[in-house]
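Descriptive analysis of the structure
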Amino acid sequence: MIRVERDGAVAVLTLDRPAARNALSVELTTALELALDDAEVDDEVRVVLLRGAGGDFAAGADLKEMLPLTEEQVRAMDFSGCCPRLGRMAKPVVAAVEGYALGGGCELVEMCDIVIAADTAWFGHPEITVGTMPGAGGSQRLPRAVGKHKAMDLLLTGRRMDAAEAERCGLVSRVVPAGRLMDEALGVARRLAELSPAILAMVKQSVSRAFEPGLKEGLAFERRQFHRTFATHDRREGMAAFLERRPARFMGA
Ligand code: CO8
């Protein structure tokens, strides 16, 4: 589910579940969490590069797994449908994004430090269209990256934006031709790996400070709201409709 490779001091982590567009199942996110823990404590790793296999980054939390969950279960698991561990990495993380980065996949992108996108990439938060909402920081980190009105546009409508729009609004650091994605992303990661890990960590901490006021409380509030969606008819209907490939009929409760 997670492929771990090394390129010198760069740990290359690949979300590897292409048949489901790298949807973030519990098994996949648990494996990602362990791989991130390993990379963090391994002195030979200076930078992490995160990418997806099979032409997509990740199409979000696993809707098949989420459909039957109840509010009590998601509360007990503190379920996020994603991998919050990524947002706590001390080492720099570069994302290489092609294809879809949606829902929890987009939240992973938002937790990374430098985002290199192929010109064919798509970003978005379709959670609202399946009767739920972000549970791993989308409602907190996205507005910090792109501002209130673009974030509202994306989160309330669930529409997707292409790589050019994502770069214009500040979600993406650089857009490159699709065929050059890994060369460019690895180039950035290798460059970071040549620099002082101690000073990189200081810079990362300082930049993170700019976004931290209120972040912890915001993440906790969002998680509670996300869990509340599991008590609704509309969340169940939205996810069932996606899996049955039909339009959802929302009733407002
Ligand atoms: N979960 C489970 N399976 C998925 C998912 C997913 N999120 N996305 C795609 N798949 C599966 C499909 O079911 C399909 O499987 P099968 O062949 O067995 O039917 C396979 O991947 C290929 O998908 P499609 O046939 O749909 O391929 P298309 O090219 O027609 O469409 C899309 C690709 C646009 C990516 C489409 O699959 C899609 O819209 N996926 C769902 C996107 C989505 O709604 N994501 C948000 C999920 S909710 C979420 O992430 C947030 C929950 C809050 C928790 C916070 C962190 C996640």
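Before any of the text, the structure's been laid out above.
Residues numbered from 1 in each chain as written. Predicted model: local features only at pLDDT ≥ 70, side-chain atom pairs only at ≥ 80, totals over all residues. Heavy atoms only, no water.

Concerning the overall build of the chain
Check the secondary structure of the chain and you find 11 helices and nine strands. For a compact globule of 253 residues, the expected C-alpha radius of gyration is about 18 Å, and the chain comes in at 17 Å, within 12% of that figure. Taking the principal axes of its C-alpha atoms as reference, the chain extends roughly 55 × 35 × 35 Å. Out of the 253 residues in the chain, the part that is buried amounts to 48%. Put simply, of all contacts in the chain between residues at least 6 apart along the chain, 73% involve residues at least 24 apart. Carbon and sulfur atoms make up 55% of the accessible area of the chain, which amounts to about 12,100 Å² in all. Here the chain contributes 33 positive and 36 negative side-chain charges, whose respective centroids are spaced 3 Å apart. (Helix = DSSP H or I, 4+ residues; strand = E, 2+ residues; numbered from the N terminus. Rg over C-alpha atoms; globule rule 2.2 N^0.38 Å. Buried < 20%, exposed > 50% of the residue type's maximum accessible area, 1.4 Å probe, protein only. Contact = heavy atoms within 4.5 Å. Areas by Shrake-Rupley, 256 points an atom, 1.4 Å probe, with all protein chains shown as cover. Lys, Arg positive; Asp, Glu negative; His and termini not counted. Charge placed at Lys NZ, Arg CZ, Asp CG, Glu CD.)

Looking at the site of the ligand
Around the ligand, the surrounding shell holds 28 residues, and the nearest of these are Arg 21, Ala 61, Leu 63, Ser 80 and Glu 107. Within the backbone of Leu 63, an N or O atom sits 2.9 Å from a nitrogen atom of the ligand. Side-chain polar atom of Lys 64 to an oxygen atom of the ligand: 3.3 Å apart, as the coordinates give it. Here the ligand loses 78% of its free accessible area of 1,000 Å² to cover by the protein chains. More than half of the atoms of the ligand fall within 2 Å of the grid points belonging to the second largest pocket. If you list the elements that add at least two residues to the shell around the ligand, you get helix 2 (63–66), strand 5 (100–102) and helix 4 (104–111). (Near = heavy atom within 4 Å. Polar contact = N/O pair within 3.5 Å; in protein donor to acceptor, adjacent residues only side chain to side chain. 1 Å grid on protein atoms, 1.4 Å probe; cavity = no way out; pocket = protein on both sides within 12 Å on 5 of 7 lines; lining within 4 Å. Sits in = over half its atoms within 2 Å of the grid points.)

Some points on the pattern of salt bridges
In this structure the tally under the stated criterion is 22 salt bridges. Where Asp 153 meets Arg 159, a salt bridge forms, and the shortest distance between an N and an O atom there is 2.9 Å. Here Arg 209 makes a salt bridge to Glu 212, at a shortest N to O gap of 3.7 Å. On the basis of relative accessible area, Glu 212 is assigned to the partly exposed category, the value being 39%. Salt bridges here are not isolated pairs; linked through shared partners, they connect Arg 3, Glu 5, Asp 16 and Arg 51. (Salt bridge = Lys/Arg side-chain N within 4 Å of Asp/Glu carboxyl O.)

A closer look at the environment of Leu 186
With respect to the element layout, Leu 186 can be found in helix 8 (residues 181–194). Taking the relative accessible area as the measure of exposure, Leu 186 reaches 14% and is therefore buried. For the pair Leu 186 and Ser 25, spaced 161 residues apart in sequence, the C-alpha to C-alpha distance is 26 Å. Contact partners of Leu 186, with chain neighbours within four places excluded, come to Asp 7, Val 10, Val 12 and Leu 49.

Quick look at the sheet that holds strand 5
Strand pairing in a sheet relies on backbone hydrogen bonds. The paired strands run either parallel or antiparallel. Read across the sheet, three strands follow the order 5-7-8 without closing on themselves; strand pairing throughout is mixed. Bordering the open sheet on either side are strand 5 and strand 8 (160–162), each of which pairs with just one other strand. Going across the sheet, the axis of each strand differs from the next one's by a mean of 20 degrees, ignoring polarity. Relative to strand 7 (residues 122–124), strand 5 runs parallel, the two sharing three bridges. What sits directly across from Leu 102, in strand 7, is Gly 124. In this fold helix 4 packs onto strand 5 and strand 7, with an angle of close to 90 degrees to the strand it touches most, strand 5. (Pairing = 2+ DSSP bridges. Axes fitted to C-alpha atoms, helices over the stretch in contact; angles between N-to-C directions.)

Points about the environment of Arg 180
Relative to the helices and strands, Arg 180 resides in the loop between strand 9 (174–176) and helix 8. Under the relative-accessibility criterion, Arg 180 is labelled partly exposed at 39%. A C-alpha to C-alpha distance of 29 Å links Arg 180 and Arg 88, two positions 92 residues apart in sequence.

Examining the packing of aromatic side chains
The description of an aromatic ring pair uses the distance of the two centres, along with the angle that the planes make with each other. Within this structure, the stated rule accounts for three aromatic pairs. Between Phe 79 and Phe 230, the ring centres sit 6.3 Å apart and the planes meet at 80 degrees, which makes this aromatic pair edge-to-face. Highlighted residues: Phe 79 in the loop between helix 3 (71–77) and strand 4 (93–97) and Phe 230 in the loop between helix 10 (215–229) and helix 11 (233–243), separated in sequence by 151 residues. Assigned by exposure class, Phe 79 and Phe 230 land together as buried. Taking the centre distance of 5.2 Å and the plane angle of 90 degrees together, the rings of Phe 226 and Phe 230 count as edge-to-face. Of the two residues examined, Phe 226 and Phe 230, each falls in the buried class. (Phe/Tyr/Trp six-rings, centres within 6.5 Å; stacked < 30°, edge-to-face > 60°.)

These values are about where atoms sit, not about what they do.
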